[in-house]
Amino acid sequence: MSEPNYSVANADLRRLVEKMKSDGMPRGLAITHEFVRDEHARPLAEILPLTQRIKGLYDHGDRPAAGNALCLAMIGLRNLLQQYALIGILEYKKMQELAVLVGAIPDPAEKWKYYRLPDKSFACWHCGAEVLCVDQTQSDRIPGMPLAGFGRVRHKVVPFCPNCETRPSERGTFVEEPEFDVC
Ligand SMILES: [Zn+2]
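Quick caveat, the model's predicted, so the values are computed rather than measured.

Cut-offs used in this document
- Residues numbered from 1 in each chain as written.
- Predicted model: local features only at pLDDT ≥ 70, side-chain atom pairs only at ≥ 80, totals over all residues.
- pLDDT = per-residue confidence, 0-100.
- Helix = DSSP H or I, 4+ residues; strand = E, 2+ residues; numbered from the N terminus.
- Axes fitted to C-alpha atoms, helices over the stretch in contact; angles between N-to-C directions.
- Parallel < 35°, antiparallel > 145°, perpendicular 65-115°, else oblique.
- Left-handed = near helix turned anticlockwise from the far one by under 90°.
- Contact = placed C-beta atoms within 7 Å.
- Nonpolar A, V, L, I, M, F, W, Y, C, P; charged D, E, K, R; others polar.
- Domains from an automatic or database assignment.

*Asks:* Looking at this structure, I do not really get the confidence of the model for the protein. What am I missing?
*Replies:* The predicted coordinates of low-pLDDT regions are not to be read in fine detail. Mean pLDDT over the protein stands at 92; residues scoring 70 or higher make up 96%. Per-element averaging of pLDDT across the protein places strand β5 (residues 171–175) at the bottom with 86 and strand β2 (residues 122–124) at the top with 98.

*Asks:* What is the right way to look at the packing of helix α3 (residues 69–85) against helix α4 (residues 93–101) in this model?
*Replies:* Between two packed helices, the angle of one axis relative to the other and the distance separating the axes together describe the packing. At a minimum axis distance of 10 Å, the contact between α3 and α4 shows a crossing angle of 130 degrees. Between α3 and α4, the angle falls in the class oblique. Note that α3 runs across α4; the crossing there is left-handed. Residues L77, L81 and A85 of α3 pack against M95, L98 and A99 of α4. Split into classes, the residues belonging to the contact of α3 with α4 amount to 6 nonpolar, no polar and no charged.

*Asks:* I tried to follow the domain arrangement of the protein on my own but got confused; where do I start?
*Replies:* How big an interface is tends to be stated in terms of accessible area lost as the parts join. Assigned domains of the protein: these are domain 1 (11–107) and domain 2 (132–175). For domain 1 and domain 2, the distance between their C-alpha centroids amounts to 35 Å.

What follows is the structure, encoded as structure tokens:
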């Protein structure tokens, strides 16, 4: 695989993300007086007003567009979270959520492969390319019988990075999960 794009995240942050990927996200503390470490007080005092500003712009009906106030504030927050992640700011639950939301770290729900951009699209954590999608038509199959199915079809949007991953097939299969009666 190619060299990672260090303008997306530097080597230290990439190491931290690899650790979270293998160990899972830290449990996540609440930001309350008893938990906040001294060295986190100033970073939090920088971050929290910026989140209020972003929320205010959203509530005002603004949508992030390249170069507008909301987009710039989100990028500012992303940069702060990336910087302070290295001194442990992601110990706090709220900061973890924000870091995923503004793309300071990749989204665990996307298998840690992609990070969010301000316009809610995704980019590749490894190379920074815009993530593309394939609309995959999937046919069901019966477990243990590779050629048999009930003829049911569904569509699924499958994301991929055009640089790091091969384009997924437009045809796939799925297995119907058995239903259990809970009584
Ligand atoms: Zn990529």
